[in-house]
Amino acid sequence: MFTPRQQGIFRPLVQRAWASYCEREGREAGNRTERDNWYRGELLTVIGVDSTKDCDQVRDFDSIVAHFAILANDAFWIDRTSKASEIRMRYWIGRRLSDLDKLTNQEHHWDYVVGIYRHMNLPADMEDCPAQLLWKVFQALDTHVRRIFNSRTPAMAS
């Protein structure tokens, strides 16, 4: 199920996509039954369910918003959803970097992450890096943080 904030993004976008569809197909935009059938059919085609009650707030939201953004010709949401996975991975890398700061009592900047990235021989520019490769950077940073944490935490007696 989508959050109220997500619904605030999603519902107007669906409305614009429906209006665009009606204009292209010469349909009556006020026909609620036809709109509902169209809407549920679009959901079913894109994410395999016919109601947002059954949707995942991350993966399904990105997919269905991208779909309706294309139908509505909404450049902002087309661009935003195309970058969503990368934005999310950069957020989690930043969170893990903050954990490293707390563990070591030293401030680490994004340059530290870029150093990990370069050490891994990934594509030249991290800004163009897809989420799958950013995931590898996150894993490397996460492993480093866990090693530091485990070295400072006494082993639990069994």
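This one's a predicted model, so the numbers in the text were calculated from it and none came from an experiment. (Residues numbered from 1 in each chain as written. Predicted model: local features only at pLDDT ≥ 70, side-chain atom pairs only at ≥ 80, totals over all residues. Heavy atoms only, no water.)

Q: Please give an account of the pattern of salt bridges that cites residues and values.
A: The tally for this structure, following the rule as stated, stands at nine salt bridges. The closest approach of N and O atoms between arginine 16 and aspartate 74, which form a salt bridge, is 2.6 Å. Note that arginine 16 is positioned in helix H1 (residues 4-25) and aspartate 74 in the loop between helix H3 (59-72) and helix H4 (75-104), a separation of 58 residues in sequence. Among the residues examined, arginine 16 registers a relative accessible area of 39% and is labelled partly exposed. Between aspartate 99 and arginine 96 there is a salt bridge whose closest N-O contact spans 2.4 Å. In this pair, aspartate 99 and arginine 96 both sit in helix H4, three residues apart, roughly one turn of the helix. (Salt bridge = Lys/Arg side-chain N within 4 Å of Asp/Glu carboxyl O. Helix = DSSP H or I, 4+ residues; strand = E, 2+ residues; numbered from the N terminus. Buried < 20%, exposed > 50% of the residue type's maximum accessible area, 1.4 Å probe, protein only.)

Q: Quick one: what's the story with the nonpolar core, residue by residue and with numbers?
A: One broad trend across soluble globular proteins is that nonpolar side chains are buried collectively. If you look at the biggest cluster of nonpolar residues, it comprises 22 residues, and the most contacted ones within it are Phe10, Leu13, Trp38, Tyr39, Leu43, Ile64 and Phe68. When contributions to this core are tallied by element, the ones reaching two or more residues are H1, helix H2 (32-47) and H3. Ranked by residues supplied to this core, first place goes to H1 with eight residues. When neighbours within four sequence positions are excluded, leucine 43 is seen to be in contact with Phe10, Gly48, Val49, Asp50, Ser51, Thr52, Ile64 and Phe68. (Core = buried A, V, L, I, M, F, W, Y, C linked by side-chain atoms within 4.5 Å. Contact = heavy atoms within 4.5 Å.)

Q: Residue-level account of the environment of valine 113, with values.
A: By the element assignment, valine 113 lies in helix H5 (residues 110-119). The buried category is assigned to valine 113, whose relative accessible area is 0%.

Q: Describe in detail unusual backbone geometry, supporting the description with residues and values.
A: Unusually for a residue other than glycine, asparagine 73 sits at a positive phi of about 55°. Tracing the backbone through its elements, the reader meets asparagine 73 in the loop between H3 and H4. When its relative accessible area of 64% is taken as the criterion, asparagine 73 is described as exposed. Look at asparagine 105: it is not a glycine, yet its phi comes out positive at around 55°. Relative to the helices and strands, asparagine 105 resides in the loop between H4 and H5. Classification of asparagine 105 as exposed rests on a relative accessible area of 71%.

Q: Mind laying out the packing of aromatic side chains, listing which residues take part and the relevant values?
A: Counting across every chain of the model gives 12 aromatic pairs. With centroids separated by 5.6 Å and ring planes inclined at 25°, the aromatic side chains of tryptophan 18 and tyrosine 21 adopt a geometry described as stacked. Pair noted here: tryptophan 18 and tyrosine 21 are both in helix H1, with a separation of three residues, about one helical turn. Comparing tryptophan 18 with tyrosine 21 shows no difference in burial state: the two are buried. Aromatic ring contacts, followed pair by pair, group Phe2, Phe10, Trp18, Tyr21, Trp38, Tyr39, Phe61 and Phe68 into a single cluster. (Phe/Tyr/Trp six-rings, centres within 6.5 Å; stacked < 30°, edge-to-face > 60°.)

Q: So what's going on with the environment of phenylalanine 61? Which residues, and what values?
A: Following the sequence through the fold, phenylalanine 61 ends up in helix H3. With relative accessibility at 8%, the residue phenylalanine 61 sits in the buried group.

Q: Outline the packing of H4 against H5, supporting the account with residue identities and numerical values.
A: At a minimum axis distance of 10 Å, the contact between H4 and H5 shows a crossing angle of 110°. Judged by the angle between their axes, H4 and H5 are roughly perpendicular. When you trace H4 past H5, the crossing you get is right-handed. Here Arg90, Ile93, Gly94, Leu97 and Leu100 of H4 lie close against H5, whose contacting residues are Trp110, Tyr112 and Val113. Residue composition of the contact of H4 with H5, by class: six nonpolar, one polar and one charged. (Axes fitted to C-alpha atoms, helices over the stretch in contact; angles between N-to-C directions. Parallel < 35°, antiparallel > 145°, perpendicular 65-115°, else oblique. Left-handed = near helix turned anticlockwise from the far one by under 90°. Nonpolar A, V, L, I, M, F, W, Y, C, P; charged D, E, K, R; others polar.)

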